[in-house]
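The primary structure of each chain is shown beneath.
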Amino acid sequence: MKDRGMRTVVAVLAGLAVIYFGSRGRSADDGGGGVSGGVVILAVLAAALAWHLTRPGDNAAK
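Residues numbered from 1 in each chain as written. Predicted model: local features only at pLDDT ≥ 70, side-chain atom pairs only at ≥ 80, totals over all residues. Heavy atoms only, no water.

## Description of the overall build of the chain
Put simply, the test is: A run of H or I in DSSP becomes a helix once it reaches four residues, and a run of E becomes a strand once it reaches two; helices and strands are each numbered from the N terminus. The classification of residues rests on relative accessible area computed with a 1.4 Å probe and restricted to protein chains. Under 20% of the type maximum is buried, over 50% is exposed, and intermediate values are partly exposed. Surface accessibility in these figures is a Shrake-Rupley result with a 1.4 Å probe; residues are shielded only by whichever protein chains are displayed.
A count of helical and extended segments in the chain gives two helices and zero strands. Within the chain, the fraction of its 62 residues that count as buried is 11%. For the chain, the accessible area works out to roughly 4800 Å², and carbon and sulfur atoms hold 64% of it.

This is the structure:
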């Protein structure tokens, strides 16, 4: 992807998806409905991976 804005959107959506699915499995009886630190770390890693995988290649067809 050459558009930096689209890369940013993909990275943010990847992080939000991890947070959504990571917090969805918790019940209200577990002592709160917050997001754990591990889920936040996984979300940051997923966003960084998405940013890395969508970078423009050096040998792009011109």
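## Describing the environment of Arg24
Within the secondary structure, Arg24 is located in helix H1 (residues 4-24). What makes Arg24 exposed here is its relative accessible area of 56%. Placed 11 residues apart in sequence, Arg24 and Val35 show a C-alpha to C-alpha distance of 9.5 Å.

## Description of the environment of Tyr20
Mapped onto the fold, Tyr20 is located in helix H1. With relative accessibility at 44%, the residue Tyr20 sits in the partly exposed group. Taking the C-alpha atoms as reference points, Tyr20 and Val35, 15 residues apart in sequence, are found 9.1 Å from one another.

## As for helix H2 (residues 37-53)
Convention followed: Helix span, as expected, comes to 1.5 Å for every residue beyond the first. Starting at the helix axis, one direction is taken to each C-beta atom, and the arc is that of these directions. Throughout, a contact is declared for two residues whenever any of their heavy atoms are within 4.5 Å.
Here H2 spans 24 Å end to end across 17 residues, near enough to the 24 Å set by a 1.5 Å rise per residue. The set of residues buried in H2 consists of Val39, Ala43 and Ala50. One side of H2 holds all its buried residues, which, seen down the axis, span an arc of 45 degrees. What points out from H2, more than 90 degrees from its buried face, is the exposed set Ile41, Val44 and Leu45. Buried residues along H2 sit in contact with H1.

## Comments concerning the packing of aromatic side chains
Selection criterion: Here a pair means two rings of Phe, Tyr or Trp (six-membered ring of Trp) with centres within 6.5 Å. Their orientation is stacked below 30 degrees between planes, edge-to-face above 60, and tilted elsewhere. Working rule: Lys NZ or Arg CZ, within 6 Å of ring centre, within 35 degrees of ring normal, means a charge sits over the ring.
Per the counting criterion, the structure on display carries one aromatic pair. A centroid spacing of 5.0 Å and a plane angle of 75 degrees characterise the contact between Tyr20 and Phe21, whose relative ring orientation is edge-to-face. The ring of Trp51 has Arg7 lying over it, and the distance from NZ or CZ to the ring centre is 3.8 Å.

## Some thoughts on the packing of H1 against H2
The angle between the axes and the distance between the axes are what describe a pair of packed helices. Convention followed: Axis lines are fitted through C-alpha atoms, for helices just across the contact stretch, and the angle between N-to-C directions can take any value from 0 to 180 degrees. An angle below 35 degrees is treated as roughly parallel, one above 145 as roughly antiparallel, one from 65 to 115 as roughly perpendicular, and anything else as oblique. What makes a crossing left-handed is the near helix being turned counterclockwise from the far one by less than a right angle; a clockwise turn instead makes it right-handed. Polarity classes work like this: nonpolar for Ala, Val, Leu, Ile, Met, Phe, Trp, Tyr, Cys and Pro, charged for Asp, Glu, Lys and Arg, and polar for all others, with Gly in that last group.
Contact pair H1 / H2: the axes reach a minimum separation of 8 Å and the direction vectors enclose 155 degrees. The orientation of H1 with respect to H2, classified from their angle, is roughly antiparallel. For the crossing formed where H1 meets H2, the hand is right-handed. Residues Arg4, Arg7, Thr8, Val10, Ala11, Ala14, Gly15, Val18, Ile19 and Gly22 of H1 lie in contact with H2, whose contacting residues are Val39, Leu42, Ala43, Ala46, Ala47, Ala50 and Trp51. When the residues that make up the contact of H1 with H2 are grouped by side-chain class, the tally is 12 nonpolar, three polar and two charged.

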